[in-house]
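# A structural walkthrough
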Amino acid sequence: MNRKNGETKVRSSDPVSVHDEIKAIIKKEDRFLITTHVRPDGDSLASVLVFAGLLDAFRKSCRICIDDGVPRKYDFLPGIERVKSFDDLPDSSGIGTAVVLDASGLERTGRIGDRIPETARIVNIDHHEGNSRFGEVNCILTGSSSTAEIVYDLYRRCDLPLTPEVARLVYTGIVCDTGCFRFANTGAQTLETAAEMVRAGADPGKIIHDLQNRHSAHTLQALGHALTRIRFFLDDAVVGMHLTCQDLKQFPEADTEGFVNYLRMIEGPSVQFFINEVQPGRHRVSLRSHEKDVNQIAGRLGGGGHARAAGCDITGNLEQVQDRILGCLSAVFKAGRAD
Ligand SMILES: [Mn+2]
């Protein structure tokens, strides 16, 4: 990837001027690619679909492409069939503008980033604190609960009518990134936007049902298995659990996304982690905290995310992975810098 990143310093954008800039691009550009990070979640998928709706309203053509399949649990999202995987993008030479949503760096889009022609303009819309401002236009609003909320704000500023489909998408994005309005990123504005979505046709009960009550039995069995592995570290300041490839062979249909959040329910520890061995020796680590900056810790381990929810990939055996996480945490605790 030859593209140069912009300043790496975190800085929130001025929403009015950057929205105007994006609006101007939408008006003059005709060939768009919309993408987001690998292992898409509810917010990233909702964001790409709301942005696609915005382009539809301007009668612009776009392709939506993600370097990963769409997890089955998001199959209820209106328009989800428009989201294509990497193999469906054999030729990207005609793309004039790539809109990258909910990705803190271009590398988070996996192989898609490399497919964006050098001549194409990149519009980067995100709410992650560590966003590397890799776009020609960067709309980074770290105070937003979700990227869906930012895209909706843009949609509203374009004076487009709020359809029930867009309302369902935006509501889903907010619910997914706020943990159903439980996390610290749930502000008054978030709840106001959510209320607006409900008035416009989003059904909160139905969306929660679609998101949470369609798990396979394997998912709950895998969760049960992981919960038996809860261990405390660093004088009980940290709690963690893990699943190995071997474990997951017993539960092939398990979706482990969100398992780490169960650890947050334990009183006492200030940091929670879940280690998921996705391939032999390759571990996906999820970090959470009620009050520490785990984005900083994930950053030291080659990952990133948000202050209270972040992740990284670490290779090695389980003990090595655990040692690296704990080594990093104990250094940060000692220095008292993770507040
Ligand atoms: Mn997000």
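As the structure is a computational prediction, the values presented were derived from the model and not from experiment. For every chain, the first residue of the written sequence is number 1, and numbering continues from 1 along that sequence. Only residues with pLDDT of at least 70 are given local features in this predicted model, and only at 80 or more are side-chain atom pairs given and counted; all residues enter the totals for whole chains, interfaces and linings. Excluding hydrogens and water, the side-chain values take into account all heavy atoms of the structure.

### A word on the coordination of the manganese ion
Donor atoms from the polypeptide that bind the manganese ion are Asp43 (OD), Asp102 (OD), His127 (NE2) and Asp177 (OD), placed at 2.1 to 2.3 Å. Counting along the primary sequence, the residues that act as donors to the manganese ion give the motif D-x58-D-x24-H-x49-D. Of this pair, Asp43 sits in helix 2 (residues 42-57) while His127 is found in the loop between strand 5 (121-126) and strand 6 (137-140), placing the two residues 84 residues apart along the sequence. Relative accessibility under 20% of the residue-type maximum defines a buried residue, over 50% an exposed one, and the middle range a partly exposed one, all with a 1.4 Å probe and only protein chains included. On the basis of relative accessible area, Asp43 is assigned to the buried category, the value being 0%. Any N, O or S atom lying within 2.8 Å of the metal counts as a donor, and for Na, K and Ca the limit rises to 3.2 Å; water is left out, so some sites can look incomplete. A helix here means a DSSP run of H or I that spans at least four residues, while a strand means a run of E at least two residues long, and both kinds are numbered starting from the N terminus.

### Observations concerning a nonpolar patch on the surface
Nonpolar side chains (Val, Leu, Ile, Met, Phe, Trp, Tyr) are joined into patches within 5 Å and like charges within 9 Å, using only residues with over 30% relative accessible area and no salt bridge. Here the Shrake-Rupley method, with its probe set to 1.4 Å, supplies the accessible areas, and only the displayed protein chains count as covering residues. The salt bridge definition used is simple: a Lys or Arg side-chain nitrogen within 4 Å of an Asp or Glu carboxyl oxygen. Taken together, the side chains of Leu227, Tyr262 and Met265 make up a nonpolar region of the molecular surface, amounting to roughly 320 Å² of accessible area. You can see Leu227 is positioned in helix 8 (residues 217-227).

### Some thoughts on the packing of aromatic side chains
Here is the rule: rings of Phe, Tyr and Trp (six-membered ring for Trp) pair when centre to centre is within 6.5 Å. Planes less than 30 degrees apart are stacked, more than 60 are edge-to-face, and the remainder are tilted. For the structure on display, the rule yields 4 aromatic pairs. Ring geometry for Tyr171 versus Phe181: centroids 5.9 Å apart, planes at 65°, classification edge-to-face. Of this pair, Tyr171 sits in helix 5 (residues 164-177) while Phe181 sits in the loop between helix 5 and helix 6 (188-199); the two residues are 10 residues apart in sequence, bridging distant segments of the chain. Tyr171 sits in the buried class, given a relative accessible area of 7%.

### Notes on the layout of surface pockets
As a volume, the second largest pocket reaches approximately 150 Å³. Here a cavity denotes grid points, spaced 1 Å and computed from the protein atoms alone, that fit a 1.4 Å probe unable to get out, and a pocket denotes an open set having protein on both sides within 12 Å along at least 5 of 7 lines; residues with an atom within 4 Å of a point are the lining. Forming the walls of the second largest pocket are Ser144, Glu149, Ile150, Tyr152, Asp153, Arg156, Gln189, Thr193 and Glu196. Counting residues per element, the ones that place at least two in the lining of the second largest pocket are helix 4 (147-157) and helix 6. With 5 residues, the single largest contributor to the lining of the second largest pocket is helix 4. Classifying every residue of the lining of the second largest pocket by side-chain character gives 2 nonpolar, 3 polar and 4 charged. Grid points are joined across faces, edges and corners, and a volume is the space filled by probe spheres set on the points. Throughout, the ten residues Ala, Val, Leu, Ile, Met, Phe, Trp, Tyr, Cys and Pro are labelled nonpolar, Asp, Glu, Lys and Arg are labelled charged, and all others, Gly among them, are labelled polar.

### Notes on the nonpolar core
One recurring pattern in soluble globular proteins is that nonpolar side chains are buried together. Within this scheme, the nonpolar core is defined by two criteria: the residues are buried Ala, Val, Leu, Ile, Met, Phe, Trp, Tyr or Cys, and they are joined through side-chain atoms within 4.5 Å. Core analysis: the biggest nonpolar cluster contains 51 residues, and Ile22, Ile34, Leu49, Phe51, Leu77, Leu101 and Ile125 have the highest contact counts within it. When residues of this core are assigned to their parent elements, the largest contribution, 9 residues, is made by helix 2. In what follows, residue pairs with any heavy atoms lying within 4.5 Å of each other are defined as contacts. Contact partners of Ile125, with chain neighbours within four places excluded, come to Ile22, Phe51, Val99, Val100, Leu101, Asp102, Cys139, Thr147, Ile150, Val151 and Leu154. With 21 residues, the next largest nonpolar core counts Ala237, Val238, Ile275 and Ile325 among its residues.

### Thoughts on helix 1 (residues 15-28)
Side chains of residues three or four places apart in an α-helix project in the same direction, reflecting 3.6 residues per turn. Between its terminal C-alpha atoms helix 1 stretches 20 Å, which fits the 20 Å expected from 14 residues at 1.5 Å a residue. All of the buried residues along helix 1 are Val18, His19, Ile22, Lys23, Ile25 and Ile26. The buried residues of helix 1 occupy an angular sector of 160° when the element is viewed end-on, so they sit on one face. Residues Lys27 and Lys28 are exposed on helix 1 and point more than 90 degrees away from its buried face. The inward-facing, buried residues of helix 1 contact strand 1 (31-36), helix 2, strand 4 (97-101), strand 5, strand 6 and helix 4. To estimate how far a helix should reach, multiply one less than its number of residues by 1.5 Å. This arc is taken over the directions from the axis of the helix to the C-beta atoms.

### Looking at the pattern of salt bridges
One pass over the full model with this rule turns up 16 salt bridges. A salt bridge links Asp56 to Arg82; the nearest nitrogen and oxygen atoms lie 2.8 Å apart. With Asp56 in helix 2 and Arg82 in the loop between strand 2 (61-66) and strand 3 (83-85), the pair connects residues that are 26 residues apart, well separated along the chain. Ionic pairing is found between Asp247 and Arg229, a salt bridge with its closest N-O pair at 2.7 Å. On the criterion of sequence distance, the pair formed by Asp247 in helix 9 (residues 245-250) and Arg229 in the loop between helix 8 and strand 7 (231-233) is long-range, its members being 18 residues apart. One network of salt bridges, in which partners are shared, links Glu29, Arg31, Arg121 and Glu136.

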